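Chains, contacts and geometry: an overview
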Amino acid sequence: MYEELKDQVKRLPAESGVYLMKDERGEIIYVGKAKSLRKRVISYFNGSRDIKTRILASRIHTIDHITTRNDYEALLLENNLIKKWRPRYNINLKDGKTYPVIRVTSEDFPRVFRTRRIIQDGSSYYGPFPNAGMVDTYLELIERIFPLRKCPGDLAKRKGPCFYYHIGRCAGPCIGKVTKEDYAKSVEKVKELLAGETEELVARLSAEMGAAGAELKFERAAQLRDAIEAIRALGREQEVVDFDPEARDYVALAHKDQLATFIVFQMRGGRLQGRDLFRTELYASEEEAIAQFLLQYYGTLHSPPAQLFVSHPFEPALVSAFFREEKGKEVDIQFPREGKHWSVVRMALENGMQDIENRRHQLENIPALEELKRILRLPKLPRRIEGFDIAHLHGKHTVASMVSFHNGFPDKRHYRYFHVKSLKGAIDDFESMREVIARRYTRVINEELDRPDFILVDGGKGQVSAAREILDAVGLAEVPLAGLAKRLEEIYLPHQSEPVRLDDTSPALKVLQSVRDEAHRFATSFNKRLREKDLSFSLLQQIPGIGERRSRLLLEEFGSLDGILASSLEEVCERCSLSRPQAEAVQAFLRSRPRGTPGPLSGRSAEEGSGAAEGSGSSAEERPAGGAAGEAAAAEAGPDYGEPPSGDGRHDAQ
């Protein structure tokens, strides 16, 4: 067969054109262009081929060709055939229409949420966001600042408020707690934020903060202060930059073996406006791959900028002609190797290589997930697993955690935690489970969030039954669920009396243990921080002249006892409206406190909580974990934010 194929290649013309490689079933697996068809195609069969070229060549059964009058016609034909046939070994990009957008509905009391569907009903849309993480960042910020309603559909009058109203995440339009006019003002602020008009928004919030402080509404003032800083931090996060206003993109190709990642940095008005990332596989040369990528990316998804800086050199004449003839743009394509443009290209390359390593790492766990699918008879590979745990200390500070694993590894951006408040000090793990599961997955349905492939709770039959009851009730009966009990590492399944027991060396069991243990760690660490803040609060109230209000304000302003102690007397006086003698008394008391009493919310004065579960209900408060500021920032945020995992997790209040 190999010799027949070589003979077939030798008969190809030496003219420009497109070649179509087919497998034994006659399916097109690769489309390429060439100035000389014979010379280009025979290179796939010479002795110096790399491994990815050998993989492609091993699957070729026949080769067809189409000649063209010139190389530019070959480029256009290649691009059209790739879009038509989407061959297995060509560069293929995700259609831009699938990118999420943020929708602000046109209702009397609008809602704000993520969607991928555009409905022409007067709603406002912001995006699309090729970087889906930015959607989470915006929604998290909106959730924290503006108490808009979450319930889907037309607003219905209620006898009593929902859970979101109780936790300050809804203004209560369904019970008449906010006028249409005041609600509309919040919606306009949301639109300003999404449109990037943050200067006026920050000015308004600053004025409100000042008014709240003057009226001694310190908690509201602190919330506004945090909101202002979050908006500014979002602006800083989106800025990388220089002072050249010229629109330009930086395109980098990172690859290892057959794995490839394309990164595009978009610079507009002197700011790094966004980042696109596309994962694919590479079986062609770097030059071919870059050219194919540029035609697909700018031919389908985006308008090309005036300048384009690319990581790998190739002959740009044909691509430039394509931009000129098909897009009506003159584009200057360069391949920098030094200076400011090279530094941005290099940053894009580093991002791409990090993604390649992550993909290689994730592939290592696929066999374990395949074993888990087989043993538990799951409908599909459990790539996305959400795990839950509950923690408390004798019924106090009951909290729940949700951790998210993707391809068997922690995905800390999607961690969440909950305050469980409906128990009012009672100890009831089953009711906590119902509450948290209800909240989590009601939101998943209402906001059309991605559903997990598998849910794991820490516990046995009782916890599994409680979670299954809620999942069925909210319409997620198809999502598989299991519980992992600590004592004997037994796996409990709904409606199955006997647990599943796996060998200690089972890769599938190790994945489940990793999810369970991470959920437990996350829940107990958050419970511990709440207890320590309680101790700090009680300790401050022991100081003469420092009551409950001032104690709360001190912790809100400085985050911890050590934070108060590290600040100057003038700062303590100014930020907390204390007299100098009062501030001196506070710092003197803290300097003399016994060793081991709570410091920066990290003391060790209470035993660890226990638990296992996540979800929500009428009294659970769900918060996202993580944050670009890292663990210290989340600790300082107090009980409203989960422990930030390392990495780029987000506070995503729900």
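This structure is a prediction, so every number in the text was calculated from the model and none was measured. (Residues numbered from 1 in each chain as written. Predicted model: local features only at pLDDT ≥ 70, side-chain atom pairs only at ≥ 80, totals over all residues. Heavy atoms only, no water.)

**Here's the deal with the nonpolar core**
Of all hydrophobic cores here, the largest spans 31 residues; its most connected members are Ile385, Phe454 and Ile491. Every element with two or more residues in this core is listed here: helix H13 (366-376), strand E12 (384-393), strand E13 (396-406), strand E16 (454-458), strand E17 (481-485) and helix H16 (507-540). The element contributing the most residues to this core is H16, with 9 residues. Excluding anything up to four places from it in sequence, Ile491 contacts Leu376, Ala482, Gly483, Leu484, Pro499, Val500, Leu502 and Leu512. Formed by 29 residues, the second largest nonpolar core is a distinct cluster that contains Val178, Leu193, Leu205 and Ile231. (Core = buried A, V, L, I, M, F, W, Y, C linked by side-chain atoms within 4.5 Å. Buried < 20%, exposed > 50% of the residue type's maximum accessible area, 1.4 Å probe, protein only. Helix = DSSP H or I, 4+ residues; strand = E, 2+ residues; numbered from the N terminus. Contact = heavy atoms within 4.5 Å.)

**Remarks on the sheet that holds strand E3 (residues 62-67)**
Ordered by their spatial adjacency, 3 strands build an open sheet running E2-E1-E3, and the pairing between neighbours is antiparallel. Each edge of the sheet is formed by a strand with only one pairing partner; in this case those strands are strand E2 (28-34) and E3. When the angles between neighbouring strand axes are averaged without regard to direction, this sheet yields 20°. Of the strands in this sheet, strand E1 (17-22), E2 and E3 touch helix H4 (residues 71-85), which is tilted by about 165° from E2. (Pairing = 2+ DSSP bridges. Axes fitted to C-alpha atoms, helices over the stretch in contact; angles between N-to-C directions.)

**Considering the packing of aromatic side chains**
Here the structure, examined in full by the defined rule, presents 17 aromatic pairs. Within the aromatic cluster, the residues linked to one another by ring pairs are Phe262, Phe278, Phe293, Tyr297, Tyr298, Phe322 and Phe323. It is Arg88 that lies over the ring of Tyr89; its NZ or CZ is 4.8 Å from the centre. In this structure, Arg440 packs its charged tip against the face of Tyr441, placed 6.0 Å from the ring centre. (Phe/Tyr/Trp six-rings, centres within 6.5 Å; stacked < 30°, edge-to-face > 60°. Lys NZ or Arg CZ within 6 Å of the ring centre and 35° of its normal.)

**What to know about unusual backbone geometry**
Even without being glycine, Arg86 reaches a positive phi, approximately 45°. Assignment of secondary structure puts Arg86 in the loop between H4 and strand E4 (101-104). The phi dihedral of Glu448 falls on the positive side, at around 55°, and the residue is not glycine. Along the chain, the position of Glu448 falls in the loop between helix H14 (429-446) and E16. The class for Glu448 is partly exposed, based on a relative accessible area of 43%.

**Here we look at the packing of helix H19 (residues 569-576) against helix H20 (residues 580-591)**
With their axes 9 Å apart at the nearest point, H19 and H20 run at an angle of 115° to one another. In this structure, the crossing between H19 and H20 has a hand that is right-handed. Of H20, the residues touching H19 (which contributes Leu569, Glu570, Val572 and Cys573) are Arg580, Ala583, Glu584 and Gln587. Taken together, the residues of the contact of H19 with H20 sort by class into 4 nonpolar, 1 polar and 3 charged. (Left-handed = near helix turned anticlockwise from the far one by under 90°. Nonpolar A, V, L, I, M, F, W, Y, C, P; charged D, E, K, R; others polar.)

**Re the sheet that holds strand E5 (residues 112-115)**
With antiparallel pairing, 3 strands are arranged side by side in an open sheet as E5-E4-E6. Pairing within the sheet leaves two strands with one partner each, and these edge strands are E5 and strand E6 (124-126). Within this sheet the neighbouring strands show an average axis-to-axis angle of 30°, counted without direction. On the sheet, helix H7 (residues 180-194) packs against E4, E5 and E6 and is oriented at approximately 160° with respect to E4.

**Description of the confidence of the model for the protein**
Taken as a whole, the protein shows an average pLDDT of 79; of its residues, 81% reach a score of 70 or greater. Low confidence marks residues 237-243, where pLDDT is under 50. Its contacts with residues over four positions away, or in another chain, come to 18 contacts. Ignoring residues within four places in sequence, the model shows residues 626-654, a span with pLDDT below 50, making 94 contacts including any to other chains. (pLDDT = per-residue confidence, 0-100.)

**Thoughts on the side chain of Asp71**
Assignment of secondary structure puts Asp71 in helix H4. Beyond its immediate chain neighbours, meaning those up to four positions away, Asp71 contacts Ser16, Lys33, Ala34, Lys35 and Leu318.

**Structural notes on H19**
When H19 is considered as a whole, its buried residues turn out to be Leu569, Val572, Cys573 and Cys576. The buried residues of H19 all sit within an arc of 100° when viewed along its axis, so they share a single face. Against the buried residues of H19 lie helix H17 (548-558), helix H18 (561-566) and H20. A positive phi of about 55° marks Ser577, the residue just after H19. (Arc of directions from axis to C-beta.)

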